[in-house]
Structures are given as C-alpha cells and as structure tokens.
Amino acid sequence: GQQVMQIPQYQHVQEGEDFTTYCNSSTTLSNIQWYKQRPGGHPVFLIQLVKSGEVKKQKRLTFQFGEAKKNSSLHITATQTTDVGTYFCAGGTSYGKLTFGQGTILTVHP
Amino acid sequence: GAGVSQSPRYKVAKRGQDVALRCDPISGHVSLFWYQQALGQGPEFLTYFQNEAQLDKSGLPSDRFFAERPEGSVSTLKIQRTQQEDSAVYLCASSSPRTTSGGPGDTQYFGPGTRLTVL
C-alpha cells in the first residue's frame, strides 16, 4: 500500500531560524495535504497541493509539490515560538482517504 | 455545532471490556473518516463513510473493530474485547458539504479525538 515518509523526525531551531520538513511517497499522489498538530491537540489543515510542481505560500510558510507528485516540502522562514508543533504531510486518494507521514516535531527556542 | 465533536474525550477501559466512541461531524458533511493515532505517530486510517455507506474499512486492525453511521450523520466506533495495543487517540474527521459529491482533496476537519487507555 501507499507509504509516506517524512524527515526529519525532530527539528530544534532558534527563534528566527528557518525550518524545512520533507515528505516522500512510495507512489504518485493525487494530492498532498499538510497539517499542524499542537501538543495535546488535533491535526489542523494548513494547505492542499494538487498540481505537479505547485508552490503555494502562506505568509512565512512555503509549500512545494514535486514534479513527479511523489514528494513535497514545507519551509518556514524566520520561525517564531508560535510555530511549535508537529507538522504532518498526508497523501490523499481520489475519495479523500489520507495517508499521513510520521510527522516532524518542531521546537523553537526563544 | 461549529466543528467536529467527539465523546468521550478520555476513556479508560480494562482489558477485555467493550468501548464505544462517538463522532458528531460538521452538519451537512457527507464524508466521515476514522483515524487511530498512536503516541508519537501520525494518524492512521481506519475507515471511511460516505453518508451511511461504509465504503472503505481496510484500515480496521481486526474484527474487534466495528464502525457504523446508520443515518449518515453521527458515527460510532466500537472496539470489542479491548487490548492494550488498542491504546491510542481515535480521531474523527468530516469533509465536503452536502451539495457536492465530495472528491479529492476536500479539506478534512478533525475532531479533538478520544484518548483511549486500556489497562
């Protein structure tokens, strides 16, 4: 079945540094979605990418979808303490079923 | 309500007990998903409903797990004869308004989850 791998597992940064997490799928994806989960919370939708090579930005967050639609990345510029949490990518199927990566836990030191 | 709600928020069960977890999706949402999230892991798909029809149950780990959505709204995930390995957070998510048939990439809205601990 479809597998989604995400690296790194942990990332510790100083406030103001940049952060990137990478996602790779064993199969071509219909779409990829990114979620953020705060400690003790539930996944919150950030964005969806559908097109090959697509790049989307949300303020300090930049999301990319690979040309082959098998990999994706999330880059945060100038991290803030409010960025703390676990970032998950999830590969989507034609009807919406999501296969999540293991997540990257981001800690930001002030 | 404004979002997906789940109850109970916390459940402690003795090994061998049956449990029932409830999900109230966003009103009008056609699609409903159940996921299991073990500590330190990403959510793993359990099952999917479109209205009252259970279209995919490939993620249910064993025949002890059963889910239903009889009227196409509220859903219940039942676990029979709970085992310690069932301890996890069970997340429910709903998506797509009733006016569309649903499709790839509809935003899924997650509930707060039920944390199940089996002793």
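You'll find the structure just up there.
Counting of residues starts from 1 at the beginning of each chain's written sequence and follows it residue by residue. Labels follow written order: the first chain is A, the first ligand is 1, and so on. It should be noted that, the model being predicted, local features are given only for residues of pLDDT at least 70 and side-chain atom pairs only at 80 or more, the latter also being counted only at that level, while totals for whole chains, interfaces and linings use all residues. Hydrogen atoms and water are omitted, and side-chain values are computed over all heavy atoms in the structure.

**Some details on the state of the cysteines**
Simply put, the disulfide is a covalent bond whose two ends are the sulfur atoms of two cysteines. Whenever a pair of cysteine sulfur atoms sits within 2.5 Å, that pair is classed as a disulfide. Counted under the stated rule, the structure contains two disulfides over all chains. With its sulfur 2.0 Å from that of its partner, Cys23 of chain A forms a disulfide with Cys89 of chain A. Its S-S torsion of about 75° marks the bond between Cys23 of chain A and Cys89 of chain A as right-handed, since a negative value means left-handed. Pair noted here: Cys23 of chain A is in strand S3 (residues 19-25) and Cys89 of chain A is in strand S9 (residues 85-92), with a separation of 66 residues, a long-range link. Residue Cys23 of chain A is classed as buried on the basis of its relative accessible area, which comes to 2%. The buried label applies to any residue whose accessible area, calculated with a 1.4 Å probe on protein chains only, is under 20% of its type's maximum; exposed applies above 50%, and partly exposed to all values in between. On the basis of relative accessibility, which here comes to 0%, the residue Cys89 of chain A falls in the buried class. The partner cysteine of Cys23 of chain B in its disulfide is Cys92 of chain B, sulfur to sulfur 1.9 Å. Because the torsion about its S-S bond is -65°, the bridge between Cys23 of chain B and Cys92 of chain B counts as left-handed. In this pair, Cys23 of chain B sits in strand S3 (residues 19-24) while Cys92 of chain B sits in strand S9 (residues 88-95), placing the two residues 69 residues apart along the sequence. A single burial state applies to Cys23 of chain B and to Cys92 of chain B, both of which are buried. Helix and strand assignments come from DSSP, with helices taken as H or I runs of at least 4 residues and strands as E runs of at least 2, each series counted from the N terminus.

**A look at the sheet that holds strand S8 (residues 71-76) of chain A**
Residue and element names in this part refer to chain A. Strand order in this open sheet of five strands is S1-S3-S8-S7-S6, and the pairing throughout is antiparallel. In this open sheet, the two strands that pair with only one neighbour each are strand S1 (4-7) and strand S6 (55-58). Neighbour to neighbour, the strand axes of the sheet diverge by 15° on average, direction disregarded. Following DSSP output, two strands are said to pair if at least two bridges run between them. Simply put, an axis is a line fit to the C-alpha atoms, just over the touching stretch for a helix, and the angle between two N-to-C directions goes from 0 to 180 degrees.

**What about the interface of chain B and chain A?**
Taken together, the contact between chain B and chain A spans 21 residues of the former and 19 residues of the latter. Throughout, the accessible surface (probe 1.4 Å) given up by two parts as they are put together, summed over both, is called the buried area. Contact between chain B and chain A buries roughly 1600 Å² in total, counting both sides, with carbon and sulfur atoms accounting for 54%. Polar contact criterion, stated in full: a pair of N or O atoms within 3.5 Å, where within protein one must be able to donate a hydrogen and the other to accept it, and residues adjacent in sequence count only if both atoms are side-chain atoms. Across the chain B-chain A interface, the total number found is four residue pairs in polar contact (both at pLDDT 80 or more). Gly is placed with the polar residues, together with every amino acid not listed as nonpolar (Ala, Val, Leu, Ile, Met, Phe, Trp, Tyr, Cys and Pro) or charged (Asp, Glu, Lys and Arg). For the side of chain B that touches chain A, a count of residues per class yields nine nonpolar, ten polar and two charged. A contact between two residues is defined here by any heavy atoms of the two lying within 4.5 Å.

**Digging into the pairing of strand S6 (residues 53-56) of chain B**
Residue and element names in this part refer to chain B. Pairing geometry for strand S5 (residues 44-50) and S6, over three bridges, is antiparallel. Among the inter-strand pairings, Gln50 is bridged to a residue of S6, identified as Ala53. Between the antiparallel neighbours S5 and S6 lie two residues, among them Asn51 with a positive phi of about 55°.

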